[in-house]
Every structure is written in structure tokens, then in C-alpha cells.
Amino acid sequence: MNINRMMIAGAGQMGSGIAQTAAAAGLQVLLHDIEYARAVRGVESIRTMLRREVDKGRRTEEEAGQIIERITPTAVLGDAAGADLVIEAISEDIAVKTELFRRLDAICASSTVLASNTSSLSITRLAGVTKRPDRVIGMHFMNPVPVMPLVEVVRGLPTSDETTALIRELAVRLGKNPIEARDFPGFVSNRVLMPMINEAVFCLYEGVASRDAIDGIMTLGMRHPMGPLTLADLIGLDTCLSILEVLHVEFGDSKYRPCPLLRQYVRAGWLGRKTGRGFYSYE
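One numbering rule holds for all chains: residues counted from 1, following each sequence as written. Residues qualify for local features only when their pLDDT is at least 70, as the model is predicted, and side-chain atom pairs are given and counted only at 80 or more; totals for whole chains, interfaces and linings, by contrast, use all residues. To obtain the side-chain values, all non-hydrogen atoms of the structure were used and water was disregarded.

Draft legend 1. Here's a closer look at the overall build of the protein. Here a strand is any run of E in DSSP of at least two residues, a helix any run of H or I of at least four, and the numbering for each starts at the N terminus. Helix and strand counts for the protein come out as 11 helices and 8 strands. Two things to know: the radius of gyration comes from C-alpha atoms, and the globule rule equals 2.2 Å times the number of residues to the power 0.38. For a compact globule of 283 residues, the expected C-alpha radius of gyration is about 19 Å, and the protein comes in at 19 Å, within 12% of that figure. Counting only C-alpha atoms, the protein reaches 55 × 45 × 30 Å along its principal axes. Buried, partly exposed and exposed residues are distinguished by accessible area as a fraction of the type maximum, computed with a 1.4 Å probe on protein chains only: under 20%, between the cut-offs, and over 50%, respectively. Buried residues in the protein amount to 48% of all 283 residues. Contact between two residues is taken to exist if any of their heavy atoms lie within 4.5 Å; hydrogens are not considered. Counted over contacts in the protein with a minimum sequence separation of 6, partners at least 24 positions apart contribute 67%. Reported accessibility uses the Shrake-Rupley method at a 1.4 Å probe radius. Residues are deemed covered only where the shown protein chains occlude them. Taken as a whole, the protein presents about 13,400 Å² of accessible surface, with 52% of it coming from carbon and sulfur. All tallies of charge rest on Lys and Arg as positive and Asp and Glu as negative; His and the ends of each chain are not included. Taken as the charge centre is NZ of Lys, CZ of Arg, CG of Asp or CD of Glu, depending on the residue. Taken as two groups, the 32 positive and 33 negative side-chain charges of the protein have centres that lie 1 Å from each other.

Written out as C-alpha cells, the structure reads:
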């Protein structure tokens, strides 16, 4: 089976990044959101990113135009009927995701692969609400998608070898390095990353050091490209909190307990870059 036409369900930062990456690799892409205006905004954000690449000499005007031409915004989930692959990139909410997978399973051809960009939730659980559990898999892209080389390929318990091989081949076609992980909460990436971010928030909460000092120690002393608080703002504090809550519930281990300050920021609507304020101000 060849994957030539795909739908990305969710036109936010991650979904738009996946759509841009797929279109740049020559695939025809449907960028779906429940509101057509949000799907259009997703395409416009891609256009803005491509314009920056053209200005920096990384792409030609013609290449950028061809990429945009391969992306079609839509609010009609039924358009997934013609897709070879659907990648879900909606909010990190298991109830919302399982409902979407039920609907996609009823819409799509039996050969269509259903993938999730989930950061922490069970692929096996998502597969369990479909009639094609062997064709459900995790494709966890890193943010920002066009830049980061990793795709964490997550096999659910029923995911077939054929589906896994197909998705690994696709990841390579997208210019990514696929690395497999088993279906455990947080997989590898966020099981390791989120406790570090959470501990950095605890350091701020307890007054161990200032925001800038915490990030500075980790960038200058540990050679991290950005500090954990800056990274949390980039990921989205609501997403960080959701992942930590999944880890805390699923493992039942207090080491994953979200810092009260993180909860407070999320309740205040200070979610990081996407809202203009998190641990830093972006206004």
C-alpha cells in the first residue's frame, strides 16, 4: 500500500506542522478542523512559515506555492473517506479522541490507517473502539514539526507488523527518523521529559531559583538547546499538565504529581506562547 493522500484531523500548531511536512514531501493533504475558519487559519499559518523559509533562501517561491497547493482546508470529516491515512492531532483528551476514532472508523475504507499524534494516551485504547485495531498506530511528532527530526512510532497491542512498517516508511519519506516505543503512558519522550519540566516548575514554585536562573543552568550546564520553562511554554502548559495527569493516574506514582504552580497557570489561562503568556511573556 502507498500513502499518497492523507487527512490531518486538527488544524492547531501540531496539525498544521504535520500538514506542512507531508505536503512538502509531495503528499496531498486535507487539513480538517471542526470549524472551517480554523482549518483556513491553519493553512495561513503554514503560508506564513513558508514565506519565512523563502525569505531566508531555504525554498523558492515556486516550491512554497506547490506545497500550499497540496493542502486543502475542510470542516467535513466525511472527506476522510478518500484518505490512505488519517493522523489525529486534536486535544489531549481520551474521550474526545476515542469519539473521533469511532467516527473515522465508520467513514474510512477498511484499508485506511488511523494514527494518533497523542503525547501520552494509550494507542491500544484508541484501537479498541475501531473495527481495524491492527491498523491503528501512534505517530508522535515533535514540535515544531517541520524542524524536529523525530517521529516516535508507538505500536498498540494489536498493531500489525505491516502497519508499523508502512508508517516507518512514511516517516522516512517525510524526512523524519522513526524510533519505536511500546504503548506505555507517555511512551519514552514524555515519560522522561515531563518529570524534568515538572521539577523545574517545582524549583520555581519553592523559590529554589528564578525562572531565568533555572533555564540558564539547564542550557549552560546541561547543554539543553532551551531551558525547561521555555520548552514548557513552547509545548503549551495545558498540554504539559494533561500529560502529567495521565502519567500520575496511569502509574499511580507521586513522582508524576503536577506542580500546583503549573495547575495555577493553566487555570489562569497562561498557557505559554499560544496565549502570549506562560512562564515568559510573548505579548
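Draft legend 2. Focus on the environment of valine 153. Checked against the element boundaries, valine 153 lands in strand 7 (residues 150-155). Sequence spacing of valine 153 and leucine 231 is 78 residues, and the spatial spacing of their C-alpha atoms is 22 Å. Ignoring any residue separated from it by four or fewer positions in sequence, one finds valine 153 in contact with Ile137, Gly138, Thr164, Ile167, Pro178, Ile179, Glu180 and Ala181.

Draft legend 3. How the structure looks around the UniProt feature "binding site: NAD(+)" (unreviewed entry) in the protein. UniProt positions are given in the numbering used here, feature names are shortened, and annotations may be inferred rather than shown by experiment. The UniProt feature table records "binding site: NAD(+)" (unreviewed entry) at Gly10, Ala11, Gly12, Gln13, Met14, Gly15, Asp33, Glu92, Lys97, Ser119, Asn143 and Lys274. As for its position among the elements, alanine 11 is in the loop between strand 1 (5-9) and helix 1 (13-24). Look at alanine 11 and you get buried, because its relative accessible area is 9%. Contacts of alanine 11, omitting those with residues within four sequence positions, involve Ser16, Leu31, His32, Asp33, Arg38, Ala39 and Gly42. The topology assignment puts aspartate 33 in the loop between strand 2 (28-32) and helix 2 (36-55). Here aspartate 33 falls in the buried class, since its relative accessible area comes to 12%.

Draft legend 4. A look at the nonpolar core. One finds Ile8, Leu85, Ile87 and Phe141 to be the most contacted residues of the largest nonpolar core, which totals 36 residues. Sort the elements by how many residues they give to this core and helix 1 lands first, with 5 residues. Setting aside chain neighbours within four positions, we find phenylalanine 141 in contact with Met14, Ile18, Ile87, Asn117, Leu150, Val151 and Leu174. We call a set of buried Ala, Val, Leu, Ile, Met, Phe, Trp, Tyr and Cys residues a nonpolar core when their side-chain atoms join them within 4.5 Å. Counting 23 residues, the second-largest nonpolar core is a separate cluster that includes Met194, Leu229, Ile243 and Phe279.

Draft legend 5. Here's a closer look at helix 10 (residues 237-251). Each helix should span, by expectation, one fewer than its residue count multiplied by 1.5 Å. In a regular helix each residue adds 1.5 Å, so 15 residues correspond to 21 Å; helix 10 covers 21 Å between its end C-alpha atoms and thus fits that length. Where helix 10 is concerned, the buried positions are Leu237, Cys240, Leu241, Ile243, Leu244, Val246 and Leu247. Directly beyond the C-terminal end of helix 10, a positive phi value near 65 degrees is found at glycine 252.

Draft legend 6. Local environment of the side chain of serine 116. Inspection of the secondary structure assignment puts serine 116 in strand 5 (residues 113-116). In this structure the side chain of serine 116 is engaged in a polar contact, spanning 3.0 Å, whose partner is the backbone nitrogen of threonine 118. Among residues more than four places away in sequence, those in contact with serine 116 are Glu88, Lys97, Phe101, Ile123, Leu126, Ile137, Gly138, Met139 and His140. Counted as a polar contact is a pair of N or O atoms within 3.5 Å, where, for protein atoms, one must be capable of donating a hydrogen and the other of accepting one, and residues adjacent in sequence contribute only when both atoms are in side chains.

Draft legend 7. Main features of the pairing of strand 2. A large share of strand 2 lies buried, amounting to 4 of its 5 residues. Any two strands with at least two DSSP-identified bridges between them are counted as paired. Across 5 bridges, strand 1 lies against strand 2 in parallel orientation. Counted as the bridge partner of arginine 5 is glutamine 28 from strand 2.

Draft legend 8. Representation of the environment of glutamate 63 in the model. Along the polypeptide, glutamate 63 turns up in helix 3 (residues 61-69). By relative accessible area, which is 35% here, glutamate 63 ends up partly exposed. Separated by 39 residues in the primary sequence, glutamate 63 and alanine 24 have C-alpha atoms spaced 8.4 Å apart.

Draft legend 9. Structural detail: unusual backbone geometry. Residues asparagine 143 and proline 144 are joined by a peptide bond in cis, for which omega reads 0 degrees. Mapped onto the elements, proline 144 comes out in the loop between strand 6 (136-141) and strand 7. Even without glycine at this site, arginine 223 takes up a positive phi of about 60 degrees. With respect to the helices, strands and loops of the structure, arginine 223 is situated in the loop between helix 8 (211-222) and helix 9 (228-235).

Draft legend 10. How the structure looks around helix 6 (residues 161-173). Taking 1.5 Å of rise per residue, the 13 residues of helix 6 would be expected to cover 18 Å, and the 18 Å separating its terminal C-alpha atoms lies within 8% of that figure. Listing the buried residues of helix 6 in full gives Thr163, Thr164, Leu166, Ile167, Leu170 and Ala171. Considered in projection along helix 6, the buried side chains sweep an arc of 160 degrees and stay on one side of the axis. Exposed side chains of helix 6 directed beyond 90 degrees from the buried face belong to Asp161, Glu162, Glu169 and Val172. Count one or two residues on from helix 6 and you reach glycine 175, which has phi positive near 85 degrees. The arc refers to the directions leading from the helix axis to the C-beta atoms.

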